[in-house]
Each structure stands twice: as structure tokens, then as C-alpha cells.
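# Examining the three-dimensional arrangement
Residue strings, one per chain:
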Amino acid sequence: MGNGISDQSAMFSNLPFFKSVHIAMLGLDSAGKTTVLYRLQFNEFVNTVPTKGFNAEKVKVALGGSRTVTFHFWDVGGQEKLRPLWKSYTRCTDGIVFVVDSVDAERMEEAKTELHKITRSSETHGVPVLIVANKQDLRHSLSTAEIEKMLALGELGASTPWHLQPTCAIIGDGLKEGLERLHDMILKRRKMLRQQKKK
Ligand code: G3D
Ligand code: MG
């Protein structure tokens, strides 16, 4: 699911410049951001505590097509009082991972507001967003179709490439697939920006 800006990359992905990306990991508190991060880093479930400030981790991920990409993640606390800080992390980022708790229907509207606030900012113009529909292992989790609607992803605007990925961060299901799509979108944007500079 996404707005079509996705597949490609093989040609450029072997150059060193394309092997490293900076990612801001955002979303409401308790969505599973830190669990996603440590699942990717240690390849196992790590019990988390609420993030007071941020976690910064460099994680090498083997994606399809024999590319290994280093993701520099900034996992920023999602409590309301910490959200004004998000701006500092989205300023120069290559991509955004926005994590939602698929069971928390009550706070989906709040998640939608925050997501749209981030993508409307001039500083994140065109920055690709991977929306992670986490906790899909739980019985009452909403489907991706429901989440797409509740987050009004169709209203994100043509300039924001996005992809919605169902995941279970506890066992790692869906994480690599999501990152692969995010990386594809980042490469596509970099190529477009290079072409614009040449003109
Ligand atoms: P945050 O960093 O977004 O605030 P955390 O969220 O990573 O701290 O996770 C919040 C809680 O959700 C944690 O449980 C964590 O184990 C749980 N969690 C994260 N991902 C998943 C998932 O995919 N499935 C399920 N079932 N739970 C998940 P606690 O109990 O420590 O609050
Ligand atoms: Mg956290």
C-alpha cells in the first residue's frame, strides 16, 4: 500500500553514498518505536522503558537485492510534552518512520493529527514516510485498510511519498519489508533532487 513512489534503486544502491540514511522515528508514546529499533539492532525482543529524550542507534540492515544499508535512527520520545522536539529531528532527515499502535483506535485521531502536522512542515517537504502499523499480532488490531482511512493517508499530498507497512515489532515481522520500501523511496527522491540541481 502506498502512493506508488517505490520500486527502483539497483543502479545506485551499491555506491557508498547511498548506503547510509538518517531516519527520524516518530509516533505517539507506547506505539512501539523503541521496540522496533532494538528488534532491528539486536535481532531480538528487548524490553523497553518509556523514552524520556531520544535513542540514537546506527543499524546495518541487509535488504533485498544484496544491499546492506546503514540506518542512523533517531528514536524520539512520543509523549505530548516531548513532541515539540520532533522538529529538530525531522529538519535534515532522509526519511521518517511513523509508528502507530494498531490496537489503539482511540488515539488514532491524535496520531493522524501529529502525522499530518509533521508532513505539512516546509522542512519535511518531499521526505518519504514509512507508516508502521505495529502490534498486528494482537487480536483486536485494526487492518491496514482501516488504518489508512483513519490516518487519512490519502490526504498526505502528492509530494509526500509514503508506504503503510503492517508489523509486529516483538518478533520483527514486516520490519525489513518496510525499510526496503522506505529506502527505495529515499533513493528515488535523491535522484530527483540531483536531477533538479542539474537543471
Ligand atoms: P514507544 O517507544 O513507542 O513509546 P515501546 O513504545 O517500544 O516502549 O513499546 C510500548 C509497549 O508496546 C511495550 O510493552 C512493548 O513491548 C509493546 N510492543 C511493542 N511492539 C509490539 C508489538 O508488535 N506487539 C505487541 N503485542 N506489543 C508490542 P510494555 O508492556 O513494556 O509497555
Ligand atoms: Mg520509546
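Structure first, text after, so check above.
Residues numbered from 1 in each chain as written. Chains lettered and ligands numbered in written order. Predicted model: local features only at pLDDT ≥ 70, side-chain atom pairs only at ≥ 80, totals over all residues. Heavy atoms only, no water.

## Let's talk about the overall build of the protein
Regarding its fold elements, the protein presents five helices and six strands. When the helices and strands of the protein are placed in sequence order, the string is β-α-β-β-α-β-α-β-α-β-α. In the protein, buried positions account for 49% of the 199 residues. A separation threshold of at least 6 residues defines the contact pool for the protein, and within that pool the share at least 24 residues apart is 73%. Total accessible area on the protein is roughly 10200 Å²; 53% of this is exposed by carbon and sulfur atoms. Treating the 28 positive side-chain charges of the protein as one cloud and the 22 negative ones as another, the clouds have centres 9 Å apart. (Helix = DSSP H or I, 4+ residues; strand = E, 2+ residues; numbered from the N terminus. Buried < 20%, exposed > 50% of the residue type's maximum accessible area, 1.4 Å probe, protein only. Contact = heavy atoms within 4.5 Å. Areas by Shrake-Rupley, 256 points an atom, 1.4 Å probe, with all protein chains shown as cover. Lys, Arg positive; Asp, Glu negative; His and termini not counted. Charge placed at Lys NZ, Arg CZ, Asp CG, Glu CD.)

## Digging into the pairing of strand β6 (residues 162-166)
For β6, a buried count of four out of five residues is recorded, marking the element as mostly surrounded by other parts of the structure. Judged from the five bridges that link them, strand β5 (residues 129-134) and β6 form a sheet pairing that is parallel. Each bridged residue has a counterpart across the sheet, and for I131 the counterpart in β6 is L164. Handedness of the crossover is the feature at issue here: the chain leaves β5, passes through helix α4 (residues 144-150), returns alongside β6, and the resulting connection is right-handed. (Pairing = 2+ DSSP bridges. Right-handed = clockwise from strand over helix to strand, strands pointing away.)

## Some points on the site of ligand 1
Taken together, 18 residues form the shell around ligand 1, and within it S30, K33, T35, T48 and D137 come nearest. With respect to ligand 1, the side chain of K135 contributes an N or O atom lying 3.0 Å from an oxygen atom. The fraction of the free accessible surface of ligand 1 (660 Å²) that becomes covered by protein chains is 76%. (Near = heavy atom within 4 Å. Polar contact = N/O pair within 3.5 Å; in protein donor to acceptor, adjacent residues only side chain to side chain.)

## Brief notes about the pattern of salt bridges
Counted by the stated rule, this structure contains 11 salt bridges. Note that R67 is salt-bridged to D184, the shortest N-O span being 2.9 Å. Taken together, the residues span a long stretch of sequence, with R67 in strand β3 (residues 67-76) and D184 in helix α5 (residues 175-198) at a distance of 117 residues. In this structure, E110 engages R83 in a salt bridge whose closest nitrogen and oxygen atoms are separated by 3.1 Å. In this pair, E110 is assigned in helix α3 (residues 108-120) and R83 in the loop between β3 and α2 (86-90), connecting sequence segments 27 residues apart. A residue is classified by how much of its surface remains accessible, and E110, at 28% relative accessible area, is partly exposed. (Salt bridge = Lys/Arg side-chain N within 4 Å of Asp/Glu carboxyl O.)

## Some details on the coordination of the magnesium ion (ligand 2)
T34 (OG1) and T51 (OG1) make up the full set of protein donors to the magnesium ion (ligand 2), lying at 2.1 Å. Note that T34 is positioned in helix α1 (residues 33-42) and T51 in the loop between α1 and β2 (54-63), a separation of 17 residues in sequence. In this structure, T34 and T51 share a single accessibility class: buried. (Donors = N, O, S within 2.8 Å, 3.2 Å for Na, K, Ca; no water.)

## Structural notes on unusual backbone geometry
In the Ramachandran plot, S30 falls in the positive-phi region, its phi being about 75 degrees despite a non-glycine side chain. Residue placement: S30 occurs in the loop between β1 (20-26) and α1. With a phi angle near 65 degrees, K135 is a residue other than glycine that sits in the positive phi range. Of note, K135 is situated in the loop between β5 and α4. Taking relative accessible area as the criterion, K135 reaches 21% and is therefore assigned partly exposed.

## Looking at the sheet that holds β6
Spatially, β2-β3-β1-β4-β5-β6 is the arrangement adopted by the six strands of the open sheet, whose pairing is mixed. Of all strands in the sheet, those with a lone pairing partner are β2 and β6, marking the two edges. Adjacent strand axes in the sheet meet at a mean angle of 25 degrees when their direction is disregarded. In this structure, β2 lies alongside β3, joined through 10 bridges in antiparallel fashion. Counted as the bridge partner of V59 is F71 from β3. (Axes fitted to C-alpha atoms, helices over the stretch in contact; angles between N-to-C directions.)

Geometry only, nothing functional implied.
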